[in-house]
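# Coordinate inspection notes
Chain by chain, the residues:
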Amino acid sequence: MALGYSLTNHYAGQGLLDSFSFFTGNDPSHGFVDYQSKENALAKDLVSVGFDYNNVRLGVDSNNTYSTSDKGRPSVRLTSHDVFTHGLFIADIYHMPASTCGTWPAFWAFNNQDNTGDSPAGGEIDIIEGANTAQRNLYSAHTTAGCHAPKAGFVGQQGTTDCSLSSENVGCNYASPSTDTTSYGDAFNAEGGGVYAMLWESQDLKLWHFPRSTIPDNIVYAHVVGPDPSSWGPPQAIFGGSSCDTDAHFFNLSLVFNINFCGDYAGNIWGKADQCDQLAPTCEEFVAGSPGSFQGTYWDINFIDVYQYGQLSNMTIPPASSETTSSSLSHGATPVPSGVTPTHTRTVTLSTAPTPTHPGPVDPSAINGYTHLGCFGSTADFHTFSRLGSYPDMDTEDCVARCAGRKYAGIHDDTCYCADRLGDASALEPAVCDIPCPGNGHEMCGGHANPNHSPEAPISVTRVQNSTHATNSSSPHHHRRAGPVGVLLTVYGNLDAEPVPVGAPAMGGHPAPTTVTTALTVTYTTVCSTNPATLVEVEYCTTVTYENCGCTASKATSTPKANYPTGPMGPSLTTTLPPTLPTVPMTTCTETCSACGPHGESTVTLTVPVAVVTEVVTAVSVQTVVPILRNSASISASPAPTNGTAVYTFTSAPTPSLPPANPGKVGGSGSNDVPFAAAAAPRSPAMTIARTLGYGLALWFGLFGAMLIV
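Residues numbered from 1 in each chain as written. Predicted model: local features only at pLDDT ≥ 70, side-chain atom pairs only at ≥ 80, totals over all residues. Heavy atoms only, no water.

## Structural notes on the overall build of the chain
Helix and strand content of the chain: 12 helices and 39 strands. Taking the intrachain contacts of the chain between residues at least 6 apart in sequence as the baseline, contacts between residues at least 24 apart amount to 74%. Surface accessibility of the chain: about 31300 Å² in total, with carbon and sulfur atoms responsible for 55%. (Helix = DSSP H or I, 4+ residues; strand = E, 2+ residues; numbered from the N terminus. Contact = heavy atoms within 4.5 Å. Areas by Shrake-Rupley, 256 points an atom, 1.4 Å probe, with all protein chains shown as cover.)

See the structure below:
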């Protein structure tokens with residue numbers, strides 16, 4: 001029998017939704033996101049199945065404003081019930097979340113079998129991932145120790161090569177090659193999407209991206225001829241190989257689609273790897289207060305097919321009826337008997353990939369190094385775009401040529417605009433840019449923000465502002481109104497110099513904490529056991545065991561983040577916080593003594609370790625406490641330092657002739673602090689007053705004598 005790939009799992013339409021679970025817990029990556037249940041997602045219209053193409057749309061709430069104190073913006077995270085070890089995975093995606101500040105979408109796989117949090121046991125593979133305004137895809141792998149990426153055999157741009165856990169938690173990764181300008185976000189969507197494929201064998205895992213216009217025939221017609229990865233050319237990324245035991249590091253993986261906001265990736269690179277901080281001080285503030293920016297933040301999935309390699313039989317199954325509906329897929333992925341050519345399943349959903357909803361004119365995907373990014377709207381009237389001029393023969397080629405040297409070209413009707421950054425402009429549905437270009441009726445040159453709007457009656461677009469950071473007249477965004485009012489632009493971008501995406505953290509959970517044992521020493525004050533008229537310092541030592549979680553900083557705060565170090569994939573994305581060390585529990589107790597207090601008291605309140613009160617403790621060392629003379633007329637105990645030491649002080653009236661205290665002495669902290677003699681016996685109040693008066697008289701006679709001499 002012939003060998004080849006047989007379809008074993010097919011996910012599309014209602015079958016996809018029924019074959020995936022909806023995660024509703026707190027985001028392990030600290031995102032500003034509120035993941036919804038299936039019922040809530042359907043009720044909020046975050047999830048839907050297309051009638052014409054049986055496609056699945058997974059989106060976010062783009063209507064409501066939230067507070068940064070809320071859990072986050074509603075979204076979805078779907079995880080497949082099925083788990084896989086090896087296979088050929090083909091995902092046909094028509095639309096992915098746009099390249100918008102605050103977003104962190106991903107299509108990935110991880111070991112979800114035992115909910116122990118011991119990530120990355122079993123591995124994690126990130127097939128599509130990016131954050132904020134990224135235009136290049138990031139492939140990543142996260143594994144346990146001992147796995148490194150190969151040094152050759154790929155066409156992507158390799159970043160870090162150690163796939164195991166590190167302080168930055170970025171694993172090993174690749175960026176899509178710079179020549180692939182439609183691998184992610186806006187350009188991916190303007191191209192009409194495409195296919196991502198992963199071949200997972202015992203030797204390694206290989207990943208490809210194919211734009212819609214260049215999908216291999218044996219993928220388009222896989223239900224007839226079967227897929228053939230050997231004909232696809234070198235992959236963009238490879239994980240495994242001779243430097244990694246693939247089967248030991250990758251197993252039992254579930255597929256995941258999600259849309260996150262901020263968190264350990266988009267939040268931590270906010271304003272560092274992009275210019276998103278010009279929209280809001282923090283990622284959470286922008287996401288909470290700018291719902292209109294996320295109209296293009298959704299996945300539109302045609303299908304996901306999983307194949308296994310083996311023997312093929314001559315047995316065939318008649319194609320399903322064209323009247324097959326999504327209800328026939330309500331029990332999950334359609335299984336195909338082993339060894340059977342799966343023609344019927346492919347016929348249900350893969351007759352053709354969805355085509356743009358507006359037939360007719362189509363904009364070129366690339367013009368002289370500029371890539372078509374789609375139809376864009378702006379809530380701030382495209383304030384980053386400057387008007388170049390209006391021309392009677394305007395088309396996309398003409399505007400791109402006029403904007404040479406600028407990063408973006410935007411066209412509306414007969415007017416050309418140029419920009420070096422998009423600002424708040426974000427991609428919308430292609431169909432809303434419906435104005436034929438004056439110089440070429442086969443191309444579209446923008447549209448109107450309001451479908452009923454006409455060029456003769458310009459309108460303003462309402463700006464959605466964060467209530468806690470409303471933009472005022474002093475904002476640099478509003479010094480001038482450079483962009484068009486109430487319109488949509490067809491946008492092209494020069495992505496040749498698009499930066500390499502920053503490495504991303506693992507999303508499957510947190511690494512298993514490591515156990516640390518350490519010795520702690522705390523110094524405290526107590527009554528001397530051999531001389532109850534004296535206070536002494538005692539060091540208490542103990543051994544503690546605690547878990548070092550290796551946690552990382554996540555959400556932005558009002559405190560500026562430290563600059564990130566640079567690496568092969570640009571700045572690292574996380575700042576590792578030092579572990580929270582345990583402390584010795586302390587308590588207060590009252591002790592009696594022989595006038596050991598600084599004012600001759602025979603009762604003192606001390607701060608001591610709890611263990612001193614509840615168990616027998618052996619002191620490591622003993623030192624005599626040195627009382628402190630301060631410049632006020634009261635007796636007090638200094639606040640207990642973090643090491644548990646209680647320092648008593650005696651304070652008196654200011655004495656100009658007294659030298660400043662030595663800060664190295666116990667308890668020394670003020671410029672007028674003077675230590676008493678270390679072995680001095682406690683004095684009565686009368687003796688203390690007499691000593692103070694003596695100091696004053698001596699000072700008075702000294703000053704009077706000096707005046708007589710002068």
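## Let's talk about the sheet that holds strand β2 (residues 20-22)
Spatial ordering of the open sheet is given by β2-β7-β17-β9-β10-β11-β13-β12, a layout of 8 strands whose pairing is antiparallel. The open sheet has two edge strands, β2 and β12 (157-158), and neither has a second partner. Inspection of the sheet shows strand β11 (residues 138-142) paired to strand β13 (residues 172-175) by 4 bridges, in the antiparallel sense. Bridging from a neighbouring strand, L138 pairs with A175 of β13. (Pairing = 2+ DSSP bridges.)

## A short note on the nonpolar core
By size, the foremost hydrophobic cluster in this structure holds 67 residues, and its most contacted members are L58, I125, F239 and W299. Broken down by element, this core gets its largest block of residues, 5 residues, from strand β17 (residues 253-261). Every residue in contact with I125, bar those within four places of it in the chain, is listed here: W108, A109, S140, A141, M198, L205, L207, F239, F250 and L253. If you look at the next biggest cluster of nonpolar residues, it comprises 18 residues, including L520, L535, V584 and C589. (Core = buried A, V, L, I, M, F, W, Y, C linked by side-chain atoms within 4.5 Å. Buried < 20%, exposed > 50% of the residue type's maximum accessible area, 1.4 Å probe, protein only.)

## Quick notes on the state of the cysteines
Taken as a whole and assessed by the stated rule, the structure comprises 9 disulfides. A sulfur-sulfur distance of 2.1 Å marks the disulfide that ties C262 to C283. The disulfide joining C262 to C283 has a torsion of about -90° about its S-S bond and is therefore left-handed. One end of the pair, C262, is in the loop between β17 and α7 (263-267); the other, C283, is in helix α8 (residues 283-289), with 21 residues separating them in the sequence. The side chain of C375 participates in a disulfide bridge whose partner is C433; the two sulfur atoms lie 1.9 Å from each other. An S-S torsion of about 80° defines the bridge between C375 and C433 as right-handed. In this pair, C375 is assigned in strand β20 (residues 370-377) and C433 in the loop between β24 (426-427) and β25 (436-437), connecting sequence segments 58 residues apart. Classification of C375 by relative accessible area gives buried; the value is 4%. (Disulfide = S-S within 2.5 Å.)

## Topic: the confidence of the model for the chain
Of all residues in the chain, 67% have pLDDT values of 70 or greater, and the mean over the chain is 77. Across residues 315-359 the pLDDT falls below 50, and counting only partners more than four positions away or on other chains, this stretch makes 84 contacts in the model. Counting interchain partners and residues more than four positions distant, the pLDDT-below-50 stretch residues 549-579 has 75 contacts. (pLDDT = per-residue confidence, 0-100.)

## Observations concerning the pattern of salt bridges
Within the structure shown, the criterion is met by 8 salt bridges. Between K206 and D204 there is a salt bridge; the shortest N-O distance is 2.9 Å. You can call D204 buried: its relative accessible area is 12%. With a shortest N-O distance of 3.1 Å, D420 and R406 are connected by a salt bridge. With D420 in the loop between β23 (415-419) and β24 and R406 in the loop between α10 (396-402) and β22 (408-412), this residue pair connects regions lying 14 residues apart in the sequence. A relative accessible area of 48% means that D420 is categorised as partly exposed. (Salt bridge = Lys/Arg side-chain N within 4 Å of Asp/Glu carboxyl O.)

## A short note on the environment of C375
Along the sequence, C375 and E429 sit 54 residues apart, while their C-alpha atoms lie 6.7 Å from each other. Every residue in contact with C375, bar those within four places of it in the chain, is listed here: S426, A427, L428, E429, P430, V432, C433, L488 and L489.

## Concerning unusual backbone geometry
Here N368, not a glycine, exhibits a phi torsion of approximately 50°, which is positive. Mapped onto the elements of the fold, N368 is located in the loop between β19 (366-367) and β20. Residue N368 is classed as exposed on the basis of its relative accessible area, which comes to 69%. In this model, D413 sits at a positive phi of 55°, which is unusual for a non-glycine residue. Overall, D413 belongs to the partly exposed group, its relative accessible area being 25%.

## Topic: the pairing of strand β5 (residues 56-59)
The side chains of a regular strand alternate between the sheet's two faces. Of the strand pairs in this sheet, strand β4 (residues 47-49) and β5 are connected by 3 bridges, and their pairing is antiparallel. Residue pairing across strands places V47 opposite L58, the latter belonging to β5. Joining the antiparallel neighbours β4 and β5 is a turn of 6 residues, in which N54 adopts a positive phi near 60°. Across 4 bridges, the pairing between β5 and strand β18 (residues 298-311) is antiparallel. Opposite G59, over in β18, you have Y298 as the bridge partner.

## Regarding a nonpolar patch on the surface
Taken together, Y221, V224 and V225 make up a surface patch of nonpolar side chains, about 320 Å² in accessible area. Looking at the element boundaries, V225 is found in helix α5 (residues 222-225). (Patch = residues over 30% accessible without salt bridge, like charges linked within 9 Å, V, L, I, M, F, W, Y side chains within 5 Å.)

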